[in-house]
Amino acid sequence: MVKLSIGQLKQASEILGNLAVAWFSAGIISPLLVRPKTLSELVSFVVLGLGMSVLFTLVSLSLVKGVKS
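This write-up is about the structure you can find in this document. Quick caveat, the model's predicted, so the values are computed rather than measured.

Conventions we followed
- Position labels on residues start from 1 in each chain and follow its written sequence.
- Side-chain atom pairs in this predicted model are given and counted only at pLDDT of 80 or more, local residue features only at pLDDT of at least 70, and totals for whole chains, interfaces and linings cover all residues.
- Remark: hydrogens and water are excluded; side-chain values derive from all non-hydrogen atoms of the structure.
- For the purposes of this entry, the term helix denotes a DSSP run of H or I that reaches at least four residues, the term strand denotes a run of E that reaches at least two, and both are numbered from the N terminus.
- The quantity called the radius of gyration is restricted to C-alpha atoms. Its globule counterpart is 2.2 Å times the number of residues to the power 0.38.
- To sort residues, take the accessible area from a 1.4 Å probe on protein chains only and compare it with the maximum for the residue type: under 20% means buried, over 50% means exposed, and anything in between is partly exposed.
- We call two residues in contact when some of their heavy atoms are within 4.5 Å.
- Computed with a 1.4 Å probe, the accessible areas rest on the Shrake-Rupley method; for each residue, only the protein chains presented here act as cover.
- Working rule for helices: expected span equals 1.5 Å times residues minus one.
- Throughout, an axis means a line fitted to C-alpha atoms (over the contacting stretch in the case of helices), and angles, computed between N-to-C directions, take values from 0 to 180 degrees.
- Throughout, the term roughly parallel applies to angles under 35 degrees, roughly antiparallel to angles over 145, roughly perpendicular to angles from 65 to 115, and oblique to all others.
- We call a crossing left-handed when the near helix sits turned anticlockwise from the far one by less than a right angle, and right-handed when that turn is clockwise.
- Charged means Asp, Glu, Lys or Arg here, nonpolar means Ala, Val, Leu, Ile, Met, Phe, Trp, Tyr, Cys or Pro, and polar covers whatever is left, Gly included.
- Here, patches come from residues exposed beyond 30% relative accessible area and free of salt bridges, joined within 9 Å for like charges and within 5 Å for nonpolar side chains (Val, Leu, Ile, Met, Phe, Trp, Tyr).
- Salt bridges are defined as contacts in which a side-chain nitrogen from Lys or Arg sits within 4 Å of a carboxyl oxygen from Asp or Glu.

Turning to the overall build of the protein, a few remarks are in order. The helix and strand inventory of the protein stands at two helices and zero strands. For the protein, whose C-alpha radius of gyration is 15 Å, the value lies well above the compact-globule estimate of 11 Å for 69 residues. Counting only C-alpha atoms, the protein reaches 45 × 20 × 20 Å along its principal axes. Among the 69 residues that make up the protein, the fraction classed as buried is 14%. Restricting to contacts in the protein with at least 6 residues of sequence separation, those with at least 24 account for 77%. Summed over all atoms, the accessible surface of the protein reaches about 5,300 Å², with 71% contributed by carbon and sulfur.

Okay, structure coming up:
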C-alpha cells in the first residue's frame, strides 16, 4: 500500500470531493435541463447521481479521517 503524506491525502480528498459534486450535477441538475423522456430515466439519473455523489463523498472523508489540519 502506498503511504501518502498529509498534503497528498488532502489533495486526493479534494479531487474526490470534486467528483462527488460532478456526479451530483450530472444526476440531479442535468435532468432538469435535458428533460428525460421517461419517468424511469429520470429516476435512474437521480438515483445514480445521488449514489455516486454519496460514494465519492464517503471515500473523500475517509481519506482525511484522523488527519489534523
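Moving on from the model shown.
Helix length check: helix H2 (residues 39–64) (26 residues) gives 38 Å between terminal C-alpha atoms against 38 Å at 1.5 Å per residue, within 8%. For H2, the full list of buried residues reads Gly49, Ser53, Phe56 and Ser60. Tucked inside the fold, the buried residues of H2 contact helix H1 (6–34). Of the residues flanking the end of H2, it is Gly66, one or two places downstream, whose phi is positive at about 85°.

Bringing the packing of H1 against H2 into the picture now. Interaxial distance between H1 and H2 falls to 8 Å at its minimum, and their mutual angle equals 170°. When the axes of H1 and H2 are compared, the pair comes out roughly antiparallel. H2 is crossed by H1, and the crossing has left-handed handedness. Looking at the contact of H1 with H2 residue by residue, the classes come out as 19 nonpolar, seven polar and one charged.

Glancing now at a nonpolar patch on the surface. Taken together, the side chains of Phe24, Ile29, Leu32, Leu33, Val34 and Leu50 define a hydrophobic patch exposed on the protein surface, amounting to about 610 Å² of accessible area. Along the chain, the position of Phe24 falls in helix H1.

With respect to the element layout, Ser53 can be found in helix H2. The class of Ser53 is buried, set by a relative accessible area of 11%. Those residues in contact with Ser53 that sit more than four places away from it in its chain are Ala20, Trp23 and Phe24.

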